[in-house]
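Single-letter residue listing:
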Amino acid sequence: GPISTGLPPNAIAFLQEDTSMDFDTDGDVDFTDFLLFARAFGSSSENSDWDARFDLDGDGKVRFSDFILFARVYGQ
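So, here is what we can say about the structure in this document.

Conventions used here
- Residues numbered from 1 in each chain as written.
- Predicted model: local features only at pLDDT ≥ 70, side-chain atom pairs only at ≥ 80, totals over all residues.
- Heavy atoms only, no water.
- Helix = DSSP H or I, 4+ residues; strand = E, 2+ residues; numbered from the N terminus.
- Contact = heavy atoms within 4.5 Å.
- Salt bridge = Lys/Arg side-chain N within 4 Å of Asp/Glu carboxyl O.
- Buried < 20%, exposed > 50% of the residue type's maximum accessible area, 1.4 Å probe, protein only.
- Arc of directions from axis to C-beta.
- Axes fitted to C-alpha atoms, helices over the stretch in contact; angles between N-to-C directions.
- Parallel < 35°, antiparallel > 145°, perpendicular 65-115°, else oblique.
- Nonpolar A, V, L, I, M, F, W, Y, C, P; charged D, E, K, R; others polar.
- Core = buried A, V, L, I, M, F, W, Y, C linked by side-chain atoms within 4.5 Å.

## Some points on the environment of Phe34
Mapped onto the fold, Phe34 is located in helix α2 (residues 31-40). When the C-alpha atoms of Phe34 and Asp24 are compared, they prove to be 9.8 Å apart, with 10 residues separating the residues in sequence. For Phe34, the residues in contact, after removing those within four places along its chain, are Phe67, Phe70 and Tyr74.

Here it is as structure tokens:
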């Protein structure tokens, strides 16, 4: 059967497309992208300034599980 990763299916899609975490679109997932992610950390889809780019696991919130996904591709 399929291998379970414990991550939602859409999170797997993000992991396969590392450039989607290049929030400033400069070609690298670097410190500037981390700063953008950190600014969104703790937000949810209920916020008026919601930015779904930072919700890497697709659960409607930017929290630690999203940070783990971001950290896997940081520096690439």
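## Section: the pattern of salt bridges
Within this structure, the stated rule accounts for two salt bridges. Here Asp51 makes a salt bridge to Arg53, at a shortest N to O gap of 2.9 Å. Given the relative accessible area of 39%, Arg53 is considered partly exposed. Close ionic contact of Arg63 with Asp59 constitutes a salt bridge, the shortest N to O distance being 2.5 Å.

## Focus: α2
Turning to α2, its buried residues number three or more, namely Asp33, Phe37 and Ala40. The buried side chains of α2 occupy one side of the element, clustering within an arc of 60° when seen end-on. Looking one or two residues past α2, Gly42 carries a phi angle of roughly 90°, positive in sign.

## With respect to the packing of α2 against helix α3 (residues 64-73)
Taken N-terminus to C-terminus, the directions of α2 and α3 make an angle of 175°; their axes are 12 Å apart at the nearest point. As summarised for this structure, α2 and α3 are arranged roughly antiparallel, according to the angle between their axes. When α2 is examined against α3, the residues Asp33, Phe34 and Phe37 are found in contact with a partner set consisting of Asp66, Phe67 and Phe70. Of the residues contributing to the contact of α2 with α3, the split by class is four nonpolar, no polar and two charged.

## Observations regarding the nonpolar core
The tendency in soluble globular proteins is for nonpolar side chains to be buried side by side. Among the nonpolar cores identified, the biggest contains 11 residues, and these are Met21, Phe23, Val29, Phe37, Ala40, Phe54, Leu56, Val62, Leu69, Phe70 and Val73. Here this core takes three residues from α3, the largest share from any one element.

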